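# A structural walkthrough
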Amino acid sequence: MTGTLIRGAQVITMDAATGSTPVSRDIRIDGGVFTEIGTDLPAQVGDEVIDGTGMLVTPGFVNAHTHSWEYLYKGRYDNMPLELWMLYAYPILGGTPTSPDIVRLRTLMFAMESMKNGVTTLVDDVLETPGQDLDQLAAVAGAYESIGIRANVSGHVINRPFVDTLPFVADWLPDDLVRQVRAQPVLSADEYLDYSRTAFERHHGAAGGRVRYMLAPSGPQRCTDDLLVGATELAAEYDAEVHIHVLETKTQAVTGDELYGGQTLVEHLDGIGAMSERTTFAHGIWVTDEDIERIARRGTSVSHNAISNLKLGSGVLPWRRYHDAGVNLGLGTDGCSSSDTPRLMEVMKTAALLHKVTEPDLTRWSTVDEVLRAATIGGARSAVLDGSVGSIEVGKRADLVMFDTETLAFLPTNRLENHLVYSENGSSIVRVMVDGVTTVLDGRLTLIDEDAVIASFRAEMPGIREEQDRLDRVNDAFAPAFSRMYEQASGMPTAVNRWTGDERTWVHQPV
Ligand SMILES: [Zn+2]
């Protein structure tokens, strides 16, 4: 295999020596890994030499929390808090399994937009409604193998009846709806762990290690304790990630009181032994100081999904308190319905800005260095991949993004790292490499025929939309009780919000 030599680029290595400060470097890649990083490196026979003049090279970005399922719902909803939005984006009743063909197209579309915008690793918590089967999982894994991106891919599981995972609503819903929801089959812990063992055997380490399986109990309140503990133990066996949604909304903070007799959800997880250094909490907004101490003590990571948290009105993650406690943070877009884009660079900019308004002490504001760390090595650590990606260092897999710094976004070229976070939006990317293979060049994917994928996807979209409209109507039945739950948990005056269907708006009706 011939190598690649990038000459004379500005490089943000994110290693211990130079961190997020750009330095002039040559980079040699061979066999999919960085083999030499220095200055004036000689080309070896057969090397492809890339002129890095005027280029900025960074580690590939790690999207530490997303759901590829939501690609089909991008741009569809607005102005709904999580609990109401989930009714529609992840319909409780009436769902039919998505065919593996559509799953594959959906995943390719999602990966395409991700990778063109600099994401080289996806932590894809794949949540299929009404539940995932091994063929659907294989379609996701296969799509990532073919497009050339790196990914942790889950089996997501909710193994308690959905209405019993939320405070109050079971009492407020019509009996027949509660009966229908409780009658839906849920997996036992053993069934999920067996499924996961099969998934590990089939997909973990596929494509030369690029594709890995991940355990994903949906949330502490949505899963039985034996499943949460079993997933933590199985992850240790395979050195894989366990991905859990924790304390995303105020309603979930109330849930701890309701379900665990006053314990927080984090106390509960810690108490049963379901937190480790392979665990990543998605969101982690409504945490106490003691929760943060526990998270730090266990070496658990948290993925910060700034845009999704704003869009769903969930709240603001306590960025500085996590840093003070030494908790590892990654950045995630969350799904394409709660953020409407898989472009991690938008989350980077938002995370750099958002935490400046949370307190007046400017020494405690979020910094570009912290944001770049979370978008690269922090995300890699949360994905249990920091030994192989997340920084540009000899011996690591060669995942990188190359930006042209002669574009408008990088002019007048003051501090490159500031331009990267605040001024650039992905439009200056000229090359993306994963495992030393160029997967995006001058805005085009190199390993698949993207026009053919887009054409096939467009052809499926009318049928998909018809099904989404039908499911919206079925799940409207839950909306009044879910609105009331949201209002009660948020301390709002009692009223009933009604989803008016075709108009896609909410009407606030006092009761
Ligand atoms: Zn999520």
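Description of the structure in this document. Every value quoted in this text rests on a predicted model; they were computed, and no experiment measured them. (Residues numbered from 1 in each chain as written. Predicted model: local features only at pLDDT ≥ 70, side-chain atom pairs only at ≥ 80, totals over all residues. Heavy atoms only, no water.)

### A closer look at the overall build of the protein
Looking only at helices and strands, the protein features 17 helices and 19 strands. What you see for the protein is a C-alpha radius of gyration of 23 Å, in line with the 24 Å of a compact globule of 511 residues. A principal-axis box enclosing the C-alpha atoms of the protein has dimensions of 75 × 55 × 45 Å. Here the protein holds 511 residues, and 60% of them are scored as buried. If you take every contact in the protein between residues at least 6 apart in sequence, the share linking residues at least 24 apart comes to 74%. Summing over all exposed atoms, the protein offers an accessible surface of approximately 18,700 Å²; the carbon and sulfur share of this is 50%. Here the protein contributes 43 positively and 72 negatively charged side chains, and the mean placements of these two sets differ by 2 Å. (Helix = DSSP H or I, 4+ residues; strand = E, 2+ residues; numbered from the N terminus. Rg over C-alpha atoms; globule rule 2.2 N^0.38 Å. Buried < 20%, exposed > 50% of the residue type's maximum accessible area, 1.4 Å probe, protein only. Contact = heavy atoms within 4.5 Å. Areas by Shrake-Rupley, 256 points an atom, 1.4 Å probe, with all protein chains shown as cover. Lys, Arg positive; Asp, Glu negative; His and termini not counted. Charge placed at Lys NZ, Arg CZ, Asp CG, Glu CD.)

### Remarks on helix α13 (residues 344-354)
Burial runs high along α13: eight of the 11 residues are buried. Along α13, the positions that sit buried rather than exposed are Leu 344, Met 345, Val 347, Met 348, Thr 350, Ala 351, Ala 352 and Leu 354.

### Details of helix α2 (residues 100-116)
Every α-helical turn comprises 3.6 residues, leaving residues that sit three or four positions apart pointing alike. For α2, built from 17 residues, the straight-helix expectation of 24 Å at 1.5 Å per residue is met to within 8% by its first-to-last C-alpha distance of 24 Å. The buried fraction of α2 is high, at 13 of 17 residues. Of the residues one or two after α2, Gly 118 is the one with positive phi, at around 95 degrees. (Expected span 1.5 Å × (residues − 1).)

### What to know about the nonpolar core
Ranked by internal contacts, the top residues of the largest apolar core, which has 130 residues, are Tyr 144, Leu 331 and Phe 482. Looking at this core element by element, the count peaks at nine residues for α2. (Core = buried A, V, L, I, M, F, W, Y, C linked by side-chain atoms within 4.5 Å.)

### Looking at the pattern of salt bridges
A full pass over the atoms with the stated rule returns 30 salt bridges. Of the charged contacts, one joins Asp 164 and Arg 182 as a salt bridge, the two residues approaching to 2.7 Å between their closest N and O atoms. You can see Asp 164 sitting in the loop between β8 (150-157) and α4 (169-172) and its partner Arg 182 sitting in helix α5 (residues 175-182), a full 18 residues away along the chain. Linking Arg 343 and Glu 346 is a salt bridge whose minimum nitrogen-to-oxygen distance equals 2.6 Å. For Glu 346, a relative accessible area of 28% translates into the label partly exposed. Sharing partners across several salt bridges, the network here consists of Lys 74, Glu 113, Arg 343 and Glu 346. (Salt bridge = Lys/Arg side-chain N within 4 Å of Asp/Glu carboxyl O.)

### Looking at a negative patch on the surface
A contiguous patch of negative charge on the surface is contributed by Asp 190, Glu 191, Asp 225 and Asp 226. By secondary structure assignment, the location of Glu 191 is in helix α6 (residues 189-203). For Glu 191, a relative accessible area of 43% gives the class partly exposed. (Patch = residues over 30% accessible without salt bridge, like charges linked within 9 Å, V, L, I, M, F, W, Y side chains within 5 Å.)

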